[in-house]
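# Residue-level structure breakdown
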Amino acid sequence: MSSLLITNGYLVTLDENDRFIENGSIYIDGNQIIDVGNFAPDTYRVDRTIDAGGSLVMPGLINAHHHLYSTFARGFTPPGPPARNFEENLKNLWWKLDNALDADDVYYSALLAIMNAARAGCTTIIDHHASPSCSDGSLDQVERAFKDVGLSGCLCYEVSDRNRPGEGIDENARYIRKCRDANDPQMTAMFGLHALMTLGTRTLDRCADIGNSLDAGFHVHAAEDEIDVSTTMERYGRRIMDRFLDFAIPGPKTIFVHGVHFGPRELDLLRSTDSLLVNAPESNMNNGLSVAPILDMLKHGVTVGVGTDGMSSHLISQARAMYLHQRTYRRDPTVAFSESCDILLKNNREICNRLFREPRGMLATGYLADIIIPDYVPFTPLNAETFYGHLLYGLSYARIRTTVARGQVIVENGLLPHMDENAIRAECVEKASRLWKRIH
Ligand SMILES: [Zn+2]
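Right, let's walk through the structure included here. (Residues numbered from 1 in each chain as written. Predicted model: local features only at pLDDT ≥ 70, side-chain atom pairs only at ≥ 80, totals over all residues. Heavy atoms only, no water.)

### Brief notes about the overall build of the chain
For clarity, the cut-off: Comment: elements are numbered from the N terminus, with helices defined as DSSP H or I runs of at least four residues and strands as E runs of at least two. Note that the radius of gyration is over C-alpha atoms, with the globule rule given as 2.2 Å times the number of residues to the power 0.38. Accessible area is worked out with a 1.4 Å probe on protein chains only. A residue is then buried under 20% of its type maximum, exposed over 50%, and partly exposed in between. Exposure was quantified through the Shrake-Rupley algorithm and a 1.4 Å probe, taking into account, for residues, occlusion by the shown protein chains and nothing else. Two residue types count as positive, namely Lys and Arg, and two as negative, namely Asp and Glu; His and chain ends fall outside the count. A charge is said to be at NZ when it belongs to Lys, at CZ for Arg, at CG for Asp and at CD for Glu.
Across its full length, the chain carries 14 helices and 17 strands. Computed over its C-alpha atoms, the radius of gyration of the chain comes to 21 Å, within 12% of the 22 Å expected for a compact globule of 440 residues. Taken over the C-alpha atoms alone, the chain extends approximately 65 × 45 × 45 Å along its principal axes. By the burial criterion, 62% of the 440 residues in the chain qualify as buried. Of the accessible surface of the chain, which amounts to about 17,000 Å², a share of 48% is contributed by carbon and sulfur atoms. The averaged location of the 56 negative side-chain charges in the chain is 3 Å from the averaged location of its 43 positive side-chain charges.

See below:
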């Protein structure tokens, strides 16, 4: 275990008093923050000191919904005519791509996406994985990538009946138990489900039985497109949240992703079950979907988070997309600015702190040492009133100079010195081109 001191930073602590500390220092021992403030640099004897050079310093960002396996989709055009709707996009692109992944592809696609996340200032990722041709053991490949880079991960496997009934149930159960036995706070697990539209009653019953007995929470797409709503109604005569309730899926550790078509009744049920809702605005826009009622969700008291949904590993751009999306949708230039920033910085933290046992998301004593230093020395006043403006208009375009994850310096000068980045990229190009050929 080594110690680290960060000096000369403009600290945005996001702590309980929302402190902003000019010329502040942070002392880290092992993977924990021990001290934050204006103490003299020689207060502690440390193995290493990083001078932030007056730059803003803040907690590492959290991605509340990602698909690391989507990495090799970059630039890929699926065979056949372009998808005309959400269902065709799943069938023509995503289900062909994930079906073609082998265990090596799973590892390398996760590795590259996690490296990109670290470079974009993200230190914790909640992932949703699918690789039907190599489902058994696939989460170990994703875990290996997290271990190699050094970020924290919450993993699950998306169960669906689209290839063979109940595919992925065993992998979820195995990996949840593995995490419990390993007792390693870097990795944690949930029970993953694709969406009601691809899950029959028998499979859902088994998932509910096993998932609830393991008490890890569920991670599932819900009401992303109208087809999920109409299919559930046609097949089962139930609205989405009612059907989830039939199987005791909602709860304080369960993440429902998207909720684009959730109405007031669903939002009340999310609130009354203390469930979590994560939206991914760029993904919704990319699929040409309706706009999620984010502000209504917040008004109903729902804990709303934000993720990238495989679109990229860059999070501040998602908060930007969210508020711009809401303003366009409502034709109202007064809404959603502070809400989208709160969602990114406070609600994603709340979501993580329900799933991981080490508290994170603040520069405060006892918190996990996940810290980022962007290349960003403020040129207008920085304080509680102005920070969100800096976040969305400045930090969203800033390079992250340093990323500290779990007390280790992962990114230095925008690079990952402990990884052979060129060799990894070359390997990925080769793996992606072979993968694409298998699909064509
Ligand atoms: Zn997703």
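Alright, that's what it looks like, and here's the rest.
### What about the packing of helix α11 (residues 316–330) against helix α12 (residues 337–355)?
Definition in use: Inter-axis angles, ranging from 0 to 180 degrees, are taken between N-to-C directions of lines fitted to C-alpha atoms, where helices are fitted over the stretch in contact. Relative orientations are named as follows: roughly parallel for angles under 35 degrees, roughly antiparallel for angles over 145 degrees, roughly perpendicular for angles from 65 to 115 degrees, and oblique for any other angle. Handedness of a crossing follows from how the near helix is turned relative to the far one, being left-handed for an anticlockwise turn of less than a right angle and right-handed for a clockwise one. Every residue pair with non-hydrogen atoms within 4.5 Å of one another is taken to be in contact. Ten residues, namely Ala, Val, Leu, Ile, Met, Phe, Trp, Tyr, Cys and Pro, are considered nonpolar, four, namely Asp, Glu, Lys and Arg, are considered charged, and the remaining ones, Gly among them, are considered polar.
Interhelical geometry of α11 versus α12 gives an angle of 150° and a closest axis separation of 9 Å. Comparing their axes, α12 and α11 come out roughly antiparallel. With respect to the hand of their crossing, α11 and α12 are arranged in right-handed fashion. Contact residues: Ile 316, Ala 319, Met 322, Tyr 323 and Arg 327 in α11; Phe 337, Ser 340, Ile 343 and Leu 344 in α12. Its residues assigned to classes, the contact of α11 with α12 comprises 7 nonpolar, 1 polar and 1 charged.

### Side note on the sheet that holds strand β7 (residues 122–127)
The criterion, for reference: Strand pairing follows a simple DSSP-based rule, namely that at least 2 bridges must link the two strands.
Spatial strand order, β6-β7-β8-β9: 4 strands in an open sheet with parallel pairing. The outermost strands of the open sheet, each flanked by one partner alone, are β6 (61–66) and β9 (187–189). Averaged over all pairs of adjacent strands, the angle between strand axes in this sheet comes to 15°, irrespective of strand direction. In this structure, strand β8 (residues 152–155) lies alongside β9, joined through 3 bridges in parallel fashion. Across the sheet, the residue bridging to Leu 155 is Ala 189, located in β9. Here helix α3 (residues 138–149) sits on the sheet and contacts β7, β8 and β9; the angle it forms with β8, its principal contact strand, is near 165°.

### Quick word on the coordination of the zinc ion
Here is the rule we go by: Coordinating donors are taken to be N, O and S atoms lying within 2.8 Å of the metal, or within 3.2 Å when the metal is Na, K or Ca; because water is excluded from the atom set, some sites may appear incomplete. Four donors are marked tetrahedral only if all angles between them lie between 85 and 135 degrees, whereas four are marked square planar and six octahedral if opposite donors are more than 155 degrees apart and the other angles lie between 65 and 115; the remainder are marked irregular.
At this site the zinc ion is bound by His 65 (NE2), His 67 (NE2), His 221 (NE2) and Asp 309 (OD), with donor distances of 2.1 to 2.2 Å. One can describe the site at the zinc ion as irregular: its 4 donor atoms subtend angles covering 89 to 161° at the metal. Read in sequence order, the donor residues coordinating the zinc ion give the pattern H-x1-H-x153-H-x87-D. This pair shows no difference in class: His 65 is buried, exactly as His 67 is.

### Focus: the pairing of strand β14 (residues 303–306)
By the alternation rule, side chains of β14 split into Thr 303 and Gly 305 and Val 304 and Val 306, which are all buried. Strand direction decides the pairing type here: strand β13 (residues 276–279) and β14, joined by 4 bridges, are parallel. Of the residues in β14, the one forming a bridge with Asn 279 is Val 306.

### Remarks on the pattern of salt bridges
Note the cut-off: Salt bridges are counted wherever a side-chain nitrogen of Lys or Arg sits within 4 Å of a carboxyl oxygen of Asp or Glu.
With the rule as written, the count across this model stands at 30 salt bridges. The partner of Glu 358 in a salt bridge is Arg 406, with the nearest N and O atoms 2.9 Å apart. Residue Glu 358 is found in the loop between α12 and β15 (371–374), and its partner Arg 406 is found in the loop between β16 (400–405) and β17 (408–412); the two are separated by 48 residues along the sequence. The residues Glu 358 and Arg 406 share a single accessibility class, namely buried. Via salt bridges that share partners, Asp 140, Glu 143, Glu 171, Arg 174 and Lys 178 belong to a single interconnected network.

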